[in-house]
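# Examination of the molecular architecture
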Amino acid sequence: MFNDLKGKRVLITGSTAGMGLAAARLFAKYGARVGVNSHIDTGAAEAVAALQALGAEADFFQANLMQTADCEKLVAAFVVRFGGLDVLINNAGGLGGRAALEQVDDTFYDRVMNLNVRSALMTTKYAIPHLRASAAASGETSSVISTGSIAAREGGGVGAGIYAGAKAWVHDVHRNWVKEFTKDRIRFNIVSPGTIDTAFHDGKSDELRAKIAASIPMGRFGRIEEVAPTFLFFASHACSGYITGQVMDVNGGQIAP
Ligand code: NAD
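What comes next is a walk through the structure.

Conventions and cut-offs
- Residues numbered from 1 in each chain as written.
- Predicted model: local features only at pLDDT ≥ 70, side-chain atom pairs only at ≥ 80, totals over all residues.
- Heavy atoms only, no water.
- Helix = DSSP H or I, 4+ residues; strand = E, 2+ residues; numbered from the N terminus.
- Contact = heavy atoms within 4.5 Å.
- Pairing = 2+ DSSP bridges.
- Axes fitted to C-alpha atoms, helices over the stretch in contact; angles between N-to-C directions.
- Near = heavy atom within 4 Å.
- Polar contact = N/O pair within 3.5 Å; in protein donor to acceptor, adjacent residues only side chain to side chain.
- Areas by Shrake-Rupley, 256 points an atom, 1.4 Å probe, with all protein chains shown as cover.
- Nonpolar A, V, L, I, M, F, W, Y, C, P; charged D, E, K, R; others polar.

### Considering the environment of Gly-7
Inspection of the secondary structure assignment puts Gly-7 in the segment before strand E1 (9–12). Separated by 105 residues in the primary sequence, Gly-7 and Val-112 place their C-alpha atoms 34 Å from one another. Each residue touching Gly-7, except ones within four places of it in the same chain, is listed here: Gly-31, Ala-32, Arg-33 and Asp-86.

### Thoughts on the side chain of Thr-230
With respect to the helices and strands, Thr-230 occurs in helix H8 (residues 224–235). Leave out the neighbours within four places in its chain, and Thr-230 touches Val-191, Met-248 and Val-250.

### A short note on the sheet that holds strand E3 (residues 58–62)
On the basis of which strands lie adjacent, the open sheet formed by 7 strands has the order E3-E2-E1-E4-E5-E6-E7 and parallel pairing. Edge strands, defined here as strands with exactly one partner in the open sheet, are E3 and strand E7 (246–250). Neighbour-to-neighbour, the strand axes of this sheet turn through a mean angle of 20 degrees, independent of strand direction. Pairing between strand E2 (residues 33–38) and E3: 5 bridges, direction parallel. Bridged to Val-34 within E3 is Ala-58. The sheet contacts of helix H4 (residues 106–138) involve E1, strand E4 (87–90), strand E5 (142–147) and strand E6 (186–193), and relative to E4 the element is tilted by about 170 degrees. The strands touched by helix H6 (residues 161–181) are E5, E6 and E7; relative to E6, the strand with the most contacts, the crossing angle is about 165 degrees.

### Regarding the site of the ligand
In the vicinity of the ligand there are 31 residues, among which Thr-16, Ser-38, Tyr-163, Thr-198 and His-201 approach most closely. At 2.9 Å, a backbone N or O of Met-19 approaches an oxygen atom of the ligand. A distance of 2.9 Å is found between a nitrogen atom of the ligand and a side-chain nitrogen or oxygen belonging to Asn-64. Alone, the ligand offers 840 Å² of accessible surface; in the complex the protein occludes 92% of this. Elements supplying a minimum of two residues to the shell around the ligand: helix H1 (18–29), E2 and H6. Its residues assigned to classes, the shell around the ligand shows 12 nonpolar, 18 polar and 1 charged.

Laid out in structure tokens, this is it:
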């Protein structure tokens, strides 16, 4: 089904763990060449080894995407290594902590916004020339896929308002980029997870996890392997060449669009 991904050069930010790592594994399985990224090297060697064990060409690129200079450095290093870029997945992100509105200060605001907004904005900015070149050379489309969130639609939990707003920003800026770059045959789509069982939910008590699970029509958290195929669907020209500017919810029915 995803056979046209063979040989594609795919950069996945935030991919040493969680959904990014699951997506990296599935891209590797279908023969893509994969760039793994994190701000720290914990788990990086294991992640790359797992992709190589699947027969894929893969490498790790350490870059803290909360900083614009690192976003630029990441794209440049990936292109030197793989000779171009066909698919960018902006997956790095996270809650960055919780703060009630009256406790929000500049440090907290900057942390959440840099992690979720600056990372996607600046990595995409530096990727655009390479994605444009990829589409021109292949005659197909190239692709930007960002990880959004159910929080972008429903506002997030108490203390997570800036995170929810940051993800809503990512959802919306994709619609703007569709207007600017469709002429270059670059597609922009969002994978919007609900509640997925990753380190994102570390620190939640069993009681709270059970309460959240009960609020989901499917009655459980999602698994990272249940999110990964959606990234491949949007990356594959054969599967989604006429789809851009869309948000795909992967949330066990937790919220309807
Ligand atoms: P995770 O914590 O398991 O993985 C996050 C990855 O990003 C790790 O590899 C981490 O090292 C990396 N990372 C963190 N900060 C970084 C930085 N500054 N620069 C580069 N890499 C960095 O998280 P996850 O749950 O798989 O989350 C992935 C994405 O999904 C995030 O954007 C998150 O906001 C979003 N999301 C998660 C859920 C959920 O329920 N887990 C729900 C909706 C959206």
